[in-house]
Amino acid sequence: MAKTAEIIIEGKSYTFPIVEGSEGEMGIDIGNLLEQTGAVTLDFGYKNTGATTSAITFLDGDKGILRYRGYSIEELAEKSTFLEVAYLLIFGELPTPGQLSGFSGDIKNHTMVHEDIKKILDGFPSSAHPMGVLSSLFCAQTAFYPESLDPNRSKEGVYLSIVRSLAKMPTFAAWAYKNEVGHPVNYPDNSLNYCSRFLKMMFALPAEHYDVDPVVAAALDKLLILHADHEQNCSTSTVRIVGSSKASIYSSISAGINALWGPLHGGANQEVILMLEEIKKDGGNVDKWINKAKDKNDPFRLMGFGHRVYKNFDPRARIIKKAADDVLSKLGVNDPTLEIAMKLEEIALKDPYFIERKLYPNVDFYSGIIYRALGIPVDMFTVMFAIGRLPGWIAQWKELRENKEPIGRPRQIYTGSNQRPYVGLDKR
Ligand code: SDX
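The structure reproduced in this document is the subject of the present report. (Residues numbered from 1 in each chain as written. Predicted model: local features only at pLDDT ≥ 70, side-chain atom pairs only at ≥ 80, totals over all residues. Heavy atoms only, no water.)

**A closer look at a nonpolar patch on the surface**
Part 1: Residues Leu42, Phe44 and Ile413 make up a contiguous nonpolar surface patch of roughly 370 Å² in combined accessible area.
Part 2: Here Phe44 is to be found in the loop between helix H1 (33-37) and strand S4 (57-60).
Part 3: By relative accessible area, Phe44 is classed as exposed at 69%. (Patch = residues over 30% accessible without salt bridge, like charges linked within 9 Å, V, L, I, M, F, W, Y side chains within 5 Å. Areas by Shrake-Rupley, 256 points an atom, 1.4 Å probe, with all protein chains shown as cover. Salt bridge = Lys/Arg side-chain N within 4 Å of Asp/Glu carboxyl O. Helix = DSSP H or I, 4+ residues; strand = E, 2+ residues; numbered from the N terminus. Buried < 20%, exposed > 50% of the residue type's maximum accessible area, 1.4 Å probe, protein only.)

**Description of the sheet that holds S4**
Part 1: As summarised here, the arrangement of the three strands in space is S4-S5-S6, forming an open sheet in which the pairing is antiparallel. Since the sheet does not close on itself, it has two edges, and those belong to S4 and strand S6 (71-72), each with one partner.
Part 2: Pairing geometry for strand S5 (residues 65-68) and S6, over two bridges, is antiparallel. Across the sheet, residue Tyr68 finds its bridge partner in S6, namely Tyr71. (Pairing = 2+ DSSP bridges.)

**Details of the layout of surface pockets**
Part 1: Its boundaries defined by the atoms lining it, the second largest pocket holds a volume of some 470 Å³.
Part 2: Residue lining of the second largest pocket: 21 residues in total, with Arg153, Val158, Lys398, Arg401 and Glu402 positioned closest to the centre.
Part 3: Put simply, the parts of the chain that give the lining of the second largest pocket at least two residues each are helix H7 (155-181) and helix H18 (381-402).
Part 4: In terms of residue class, the lining of the second largest pocket is built from seven nonpolar, four polar and ten charged. (1 Å grid on protein atoms, 1.4 Å probe; cavity = no way out; pocket = protein on both sides within 12 Å on 5 of 7 lines; lining within 4 Å. Points joined across faces, edges and corners; volume = space filled by probe spheres on them. Nonpolar A, V, L, I, M, F, W, Y, C, P; charged D, E, K, R; others polar.)

**Focus: a positive patch on the surface**
Part 1: Taken together, the side chains of Lys47, Lys296, Arg301 and Arg308 make up a positively charged region of the molecular surface.
Part 2: By the secondary structure assignment, Lys47 is in the loop between H1 and S4.
Part 3: Residue classification places Lys47 among the exposed positions, given a relative accessible area of 56%. (Lys, Arg positive; Asp, Glu negative; His and termini not counted. Charge placed at Lys NZ, Arg CZ, Asp CG, Glu CD.)

**Section: the packing of helix H6 (residues 130-144) against helix H11 (residues 249-260)**
Part 1: Viewed as axis vectors pointing N to C, H6 and H11 meet at an angle of 170°, and their least axial separation amounts to 7 Å. Considering their axes alone, H6 and H11 lie roughly antiparallel with respect to each other. Of the residues in H11, those in contact with Met131, Leu134, Ser135, Phe138, Cys139, Gln141 and Thr142 of H6 are Ile249, Tyr250, Ser251, Ile253, Ser254, Ile257, Asn258 and Leu260.
Part 2: Tallied by class, residues from the contact of H6 with H11 come to nine nonpolar, six polar and no charged. (Axes fitted to C-alpha atoms, helices over the stretch in contact; angles between N-to-C directions. Parallel < 35°, antiparallel > 145°, perpendicular 65-115°, else oblique. Contact = heavy atoms within 4.5 Å.)

This is the structure in structure tokens:
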């Protein structure tokens, strides 16, 4: 017997079907609620609203489960590579050796960007935040590849846009950094793997030999895997709603980059390090800052803590915390902010304020400590998040388009003035 939900409005009963997911999640299908009842739902921040059905990523916030296409994040972080995970997310299955080498080979063929992109880059002052430069350069691809604007693009054409996106994102990111530090840009070295190629574009200097540290490249690859998708988070929902208007993949993802930039979302990893530095400067007085985070009259929040979905722990935070330890000891880096972060976590997790609100470290709490140990500057942290999240954005955009989902157009409850007559300027 199919499950249903009953809503009673002013004594009248309405029944709606319940949709069950492959992991037993239930959703009330209110597709014809307005037509049946004349009412809409109201759900600020969509905390209780499912926007779609998706086969890409599964989260269980209570059990701290994260799976990409059914594979656990723990196994993928330990055994897979970022490009393999990107293939899995986008095409739905782990690639065969032939598929993976074809995919990474196609990506290598598109790592260069049109020289005219440099003219756009040169227009940015070195004070420009790399996230703003990244979203602009990424969207500029619509100018260089106008065929991408075709809403009915062929499968082959969409594949080419996917490959170009993955290939050029690291180049755009490294160039945004070079623009900020006033150095000449580097061109991609296709003899290297995905992460090493990026690191060399980021840090190589003219007339200096640069060897990528394999420990750094491996740590970055793991971090990118951990950020690759996260179901209907703020930036992915942005990519989906822009894509639902049949905008190109480049403009949809550029919108996602901008949504990720916010300090409540991907921008939190940068804010965490600034917060830890502030606490360190303040003598490491963790209790004082915990109390500030609890004080409703104080705008300070414990950045990197709390999550809309995870209410016990963020599995990514656990993996990153362990990786932080490993990477810092391998690189011989002693970062006092790691101790401060661990002390913050230990005290917060025993504090009723955080326990009652189910606030735990999220993916951003420890990631900045590793990025810094890898030599990544603070305002490039969210750029790293964007590089990692790109396959997820692509996969979700592709799923929406293949499922021919309608344009996203939520309703509202109007609370403004009722009708009133116009009053001339002379009478106001
Ligand atoms: C990401 O959605 C995703 O999946 C995102 C992400 C991904 O992979 O895409 O996981 C990546 O964005 C992680 C989150 C990064 N952001 C931060 O670390 C910023 C700090 N955290 C918060 O601002 C907050 O926890 C959010 C934004 C993450 C979640 O906000 P919610 O779900 O809207 O919860 P809320 O703001 O309504 O808070 C509920 C209560 C409030 O207290 P009361 O009004 O009930 O008294 O918890 C409090 C909040 O004040 N609270 C915090 C807090 N986070 C929530 N108090 C102090 N410090 C915090 N960090």
